[in-house]
Each structure stands twice: as structure tokens, then as C-alpha cells.
Amino acid sequence: QKEVEQNSGPLSVPEGAIASLNCTYSDRVSQSFFWYRQYSGKSPELIMSIYSNGDKEDGRFTAQLNKASQYVSLLIRDSQPSDSATYLCAVNVGSARQLTFGSGTQLTVLP
Amino acid sequence: GAGVSQSPSNKVTEKGKDVELRCDPISGHTALYWYRQSLGQGLEFLIYFQGNSAPDKSGLPSDRFSAERTGGSVSTLTIQRTQQEDSAVYLCASSLGLADTQYFGPGTRLTVL
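Residues numbered from 1 in each chain as written. Chains lettered and ligands numbered in written order. Predicted model: local features only at pLDDT ≥ 70, side-chain atom pairs only at ≥ 80, totals over all residues. Heavy atoms only, no water.

Attention now moves to the pairing of strand 9 (residues 85-91) of chain A. Residue and element names in this part refer to chain A. Of all 7 residues in strand 9, 6 are buried, a share of seventy percent or more. Judged from the 6 bridges that link them, strand 4 (residues 33-38) and strand 9 form a sheet pairing that is antiparallel. Along strand 9, the bridge assignment pairs Q38 with T86. In the sheet, strand 9 pairs with strand 11 (residues 105-110) via 3 bridges, with the strands oriented antiparallel. Each residue of the ladder has a partner; that of A85, found in strand 11, is L107. In terms of strand pairing, strand 9 meets strand 10 (residues 100-101) through 2 bridges, oriented antiparallel. In the sheet register, V91 faces strand 10, and the bridge partner there is T100. (Buried < 20%, exposed > 50% of the residue type's maximum accessible area, 1.4 Å probe, protein only. Helix = DSSP H or I, 4+ residues; strand = E, 2+ residues; numbered from the N terminus. Pairing = 2+ DSSP bridges.)

This part covers the packing of aromatic side chains. The full count for this structure, using the stated rule, is 12 aromatic pairs over all chains. Aromatic pair Y36 of chain A and F101 of chain A: ring centres 5.9 Å apart, planes at 50°, arrangement tilted. Remark: F101 of chain A occurs in strand 10 and Y36 of chain A occurs in strand 4; sequence separation between them is 65 residues. With respect to burial, Y36 of chain A and F101 of chain A carry one shared label: buried. Between Y35 of chain B and F45 of chain B the ring centres are 6.0 Å apart and the planes differ by 70°, which places this aromatic pair in the edge-to-face class. (Phe/Tyr/Trp six-rings, centres within 6.5 Å; stacked < 30°, edge-to-face > 60°.)

Turning our attention to the sheet that holds strand 1 (residues 4-6) of chain A. Strand pairing in a sheet is mediated by backbone hydrogen bonds. Such pairs are either parallel or antiparallel. All names here are of chain A. If you trace the 5 strands from one edge of the open sheet to the other, you get 1-3-8-7-6, paired in antiparallel fashion. Each edge of the open sheet carries a strand with a single partner, namely strand 1 and strand 6 (54-58). Between one strand and the next, the sheet's axes are offset by a mean angle of 20°, whatever the strand orientation. Inspection of the sheet shows strand 7 (residues 61-66) paired to strand 8 (residues 71-76) by 6 bridges, in the antiparallel sense. Bridging across to strand 8, Q64 finds its partner in S73. (Axes fitted to C-alpha atoms, helices over the stretch in contact; angles between N-to-C directions.)

Residue and element names in this part refer to chain A. If you walk through the whole model with that rule in mind, you get 2 disulfides over all chains. Between C23 and C89 runs a disulfide, and the two sulfur atoms are separated by 2.0 Å. With the S-S bond torsion at -70°, the cross-link from C23 to C89 turns out left-handed. Note that C23 is positioned in strand 3 (residues 19-25) and C89 in strand 9, a separation of 66 residues in sequence. C23 gets classed as buried once you look at its relative accessible area, which sits at 1%. (Disulfide = S-S within 2.5 Å.)

Below, the structure written as C-alpha cells:
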């Protein structure tokens with residue numbers, strides 16, 4: 001089992017719809033969770049960080065964390081074509097300081 | 001303020017040559033990380049530095065890889081006797097402290113012919 005797993009893509013949604021991205025992690029001790037967006041040929045840029053159970057909202061983005069079920073998700077409301085990118089889930093697995101990344105989910109928002 | 005910077009942006013080298021990649025973290029960030037991203041392997045951790053502590057080298061794939069951080073700021077990743085499988089994008093990130101949010105530089109694309 002991989003330490004951080006993301007639902008396999010690619011994922012396509014129409015403009016204006018909600019895009020739902022999911023991620024599970026293996027180590028219950030993990031405390032810090034991040035979503036990065038990566039456009040083709042570019043480096044990852046931070047979208048959201050979340051540390052506590054529940055929802056965290058920032059504009060059109062909502063991160064959800066459920067430590068009991070060991071999953072973290074990202075919802076993108078009112079999806080725009082400019083949201084088309086690969087979304088990476090990253091976790092400080094256990095007590096590690098480095099990030100462990102999922103393989104990423106490629107999202108395409110269709111105009 | 002200025003973000004993480006890396007140089008060169010692209011590097012093409014011949015198999016067997018040594019290369020040096022540079023990272024300049026965000027001012028004031030004490031933690032610095034190196035990752036690499038290659039097709040089929042995703043984004044994988046290489047090494048991190050935190051202040052004056054000994055670096056965590058647990059992700060370095062072989063002894064051909066080494067890194068140093070001078071004066072708690074700029075870091076250099078050195079790959080000796082490069083191999084074709086070293087071709088990847090090498091990403092540097094920095095954070096205020098360990099386990100804080102990491103901010104990535106633009107990366108160095110390394111191609112080994």
C-alpha cells in the first residue's frame with residue numbers, strides 16, 4: 001500500500017461544476033496535509049493546508065480532513081477552465097518532516 | 001517578497017559528467033528540501049536541511065548524490081557521474097520551520113544524454 005494515494009484520473013468536469021479530488025494516507029500519526037496545484041511544465045503551488053478534522057474553506061476551494069478514516073479531499077466549486085491542472089495531495093507522513101506526495105489527479109475543466 | 005529561486009532552469013549533460021544544481025530559499029526560511037519529479041515516479045523526497053542540524057539524507061537514491069547548505073541559506077545539490085535515469089526535474093522547497101508549509105522553486109530540468 002502506498003503511503004499517500006489519490007483517486008486515479010483523469011477527471012473531467014464541465015465549467016461551473018464542482019470538482020471533487022480525494023486522497024487517502026496510511027499512517028494514522030500524520031498531522032499535516034496539503035493540496036498543491038501543478039500546471040504542465042511548472043512547479044507545484046500551494047492551494048490549501050489543513051491540520052484539523054473538518055472543513056477549511058478558501059474562496060472556491062474547500063479542504064476536508066477526516067483523520068479517523070484517513071482521508072483528505074479537495075472540492076473546487078464553480079470550476080473554471082483555468083483550474084485545469086494536476087492536483088497533488090501531500091502529507092507529512094507520521095512524524096516525518098518531508099512531504100510524501102500522491103501520484104496526482106489530472107483535472108480538466110471543459111468550457 | 002522573492003520566492004525560492006533555482007538555477008540553472010535547464011541543464012543538459014552527458015552521461016558520466018558531474019552536475020551542480022543551486023537553490024536559494026525564501027529569506028528567513030530555516031528549512032530547505034530537495035525533491036525530484038520524473039515521469040512514472042511522481043514527486044520524491046531527496047534530502048532536507050534544518051538550521052544547523054545534520055541533514056536528513058534518507059531519500060538520496062545513491063552515493064552519487066550529495067548536497068550541502070552553506071551559511072544556512074543557499075544549497076547545492078551535486079550529482080556525480082550522471083546516468084540517464086537521473087533525468088528529471090529537481091525541485092527545491094523551503095519553509096519557515098520543519099513541518100511548516102513548503103514553497104517550491106521553479107525547478108531545474110536535468111537531461112542526461
